[in-house]
Amino acid sequence: MGVYVVTGSASGMGAAVALRLRKDGHEVVGVDLADADVTADLSTRAGRIAASREILAKVDGPIDGAVLAAGMGPRRGRERMLVEVNYLGVTELLEALRPRLAQAGNAKVVVFGSNSTTSTPLVPRGAVRSLLAGDAAKAARILSRRGPLAAPASYAASKIAVARWVRRTSVAAEWAGAGIRMNVIAPGPVMTPLLAGQLASPTGSQVRSFPVPAREYGTPEQLAQWVMTMLSPAADFMVGSVITVDGGTEALLRPDDWPARLPGRLLPRMAWTMYQAPKRGQVADYSDV
Ligand code: NAI
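From a predicted model like this one, the values you see are computed outputs, not experimental measurements.

Q: How should I be thinking about the pattern of salt bridges in this particular structure?
A: As a working rule, side chains carrying opposite charge can pair if their charged atoms are close by. For the structure on display, the rule yields seven salt bridges. Close ionic contact of aspartate 37 with arginine 22 constitutes a salt bridge, the shortest N to O distance being 3.0 Å. Here aspartate 37 is found in the loop between β2 (27-32) and β3 (38-39), whereas its partner arginine 22 is found in helix α1 (residues 12-23), with 15 residues between them in sequence. When its relative accessible area of 42% is taken as the criterion, arginine 22 is described as partly exposed. A salt bridge links glutamate 92 to arginine 48; the nearest nitrogen and oxygen atoms lie 2.7 Å apart. With glutamate 92 in helix α3 (residues 79-104) and arginine 48 in helix α2 (residues 45-58), this pair connects stretches of sequence that are 44 residues apart. One connected set of salt bridges, linked through shared partners, spans Arg45, Arg48, Arg80, Glu84 and Glu92.

Below, the structure is given as structure tokens:
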């Protein structure tokens, strides 16, 4: 049986994942603001440092997997807090856990993104870039200038940045090369306290107007089932993927945007990456075939 870290373990999808893991006999270290094995505020640097220290102190040895589900929904005037939880609450924690994940030999990491990444208009690129550079203060400044769009743009920016961080980082020698399989799950509307709060807010009608071809909201249990697969040996060959589970919204709104053709301008970068790959140990080893 394994040891798993689950953030956002007190509610919604994180709670559903923690329950499934415990039912299967695994040890779970849940992290949340309250009602968790490790209570910490992931919106502050001090909280993130305390959380990682406490997790590492509680787990004696390798960590078999981590599920990063703690997150805040769009909230007006809370741009800084939101990007800190949704982005740094994932990246800083994972950087701290990485050596213990590597010790497991084939650890799995699942990060919660969102399908809002591809359906939210006018997300400022500068905010995403600032987050990827680790500058949450700058990202929040850029986002707060968006007026009434600041809240949805902050949410989407934080989720775009975290998905890009996963795609960039997961393929590195210290991650995929160390046996860690890291991927993103991108849900559409799932009936949790977060979504219920959005539906009850002044912008609830906008949330409701979003088309869902499946004509129903997802359940935390359905998403937990996907996460369990992404934590299982089925994910041994899965690295840097963004798995959308959204009842069809994304396919309805952007049917032809991906798979995207490879534009000619990207060829030099791709050729360089392919040239470097053998040196980085990123070429499959067929020596025993
Ligand atoms: P939820 O609100 O039910 O659970 C989120 C948990 O994160 C809560 O227990 C909360 O206390 C914790 N959390 C929030 N801020 C924190 C902080 N500063 N420090 C520590 N813990 C904190 O939400 P839900 O819906 O289960 O969301 C899970 C993840 O899925 C989130 O990252 C969310 O952004 C994402 N998501 C949710 C969707 C939905 O429709 N419910 C859609 C797409 C993505």
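Q: Help me understand the environment of alanine 70 in this model?
A: By the secondary structure assignment, alanine 70 is in the loop between β4 (65-68) and α3. Along the chain, alanine 70 and threonine 192 lie 122 residues apart, while their C-alpha atoms are 13 Å from each other. Those residues within four positions of alanine 70 in sequence are excluded, and the remaining contacts are Thr7, Gly8, Leu42 and Val85.

Q: For this particular structure, what's the right way to read the site of the ligand?
A: Neighbouring the ligand are 27 residues, the closest being Ser11, Met13, Asp32, Tyr155 and Thr192. Alanine 40 places a polar main-chain atom, nitrogen or oxygen, 3.5 Å from a nitrogen atom of the ligand. Contact with the protein chains hides 91% of the accessible area of the ligand, taken as 820 Å² for the molecule alone. Taken together, the elements giving at least two residues each to the shell around the ligand come down to α1, α6 (150-170) and α7 (193-200). With three residues, α7 is the largest single contributor of residues to the shell around the ligand.

Quick notes on the rules
- Residues numbered from 1 in each chain as written.
- Predicted model: local features only at pLDDT ≥ 70, side-chain atom pairs only at ≥ 80, totals over all residues.
- Heavy atoms only, no water.
- Salt bridge = Lys/Arg side-chain N within 4 Å of Asp/Glu carboxyl O.
- Helix = DSSP H or I, 4+ residues; strand = E, 2+ residues; numbered from the N terminus.
- Buried < 20%, exposed > 50% of the residue type's maximum accessible area, 1.4 Å probe, protein only.
- Contact = heavy atoms within 4.5 Å.
- Near = heavy atom within 4 Å.
- Polar contact = N/O pair within 3.5 Å; in protein donor to acceptor, adjacent residues only side chain to side chain.
- Areas by Shrake-Rupley, 256 points an atom, 1.4 Å probe, with all protein chains shown as cover.

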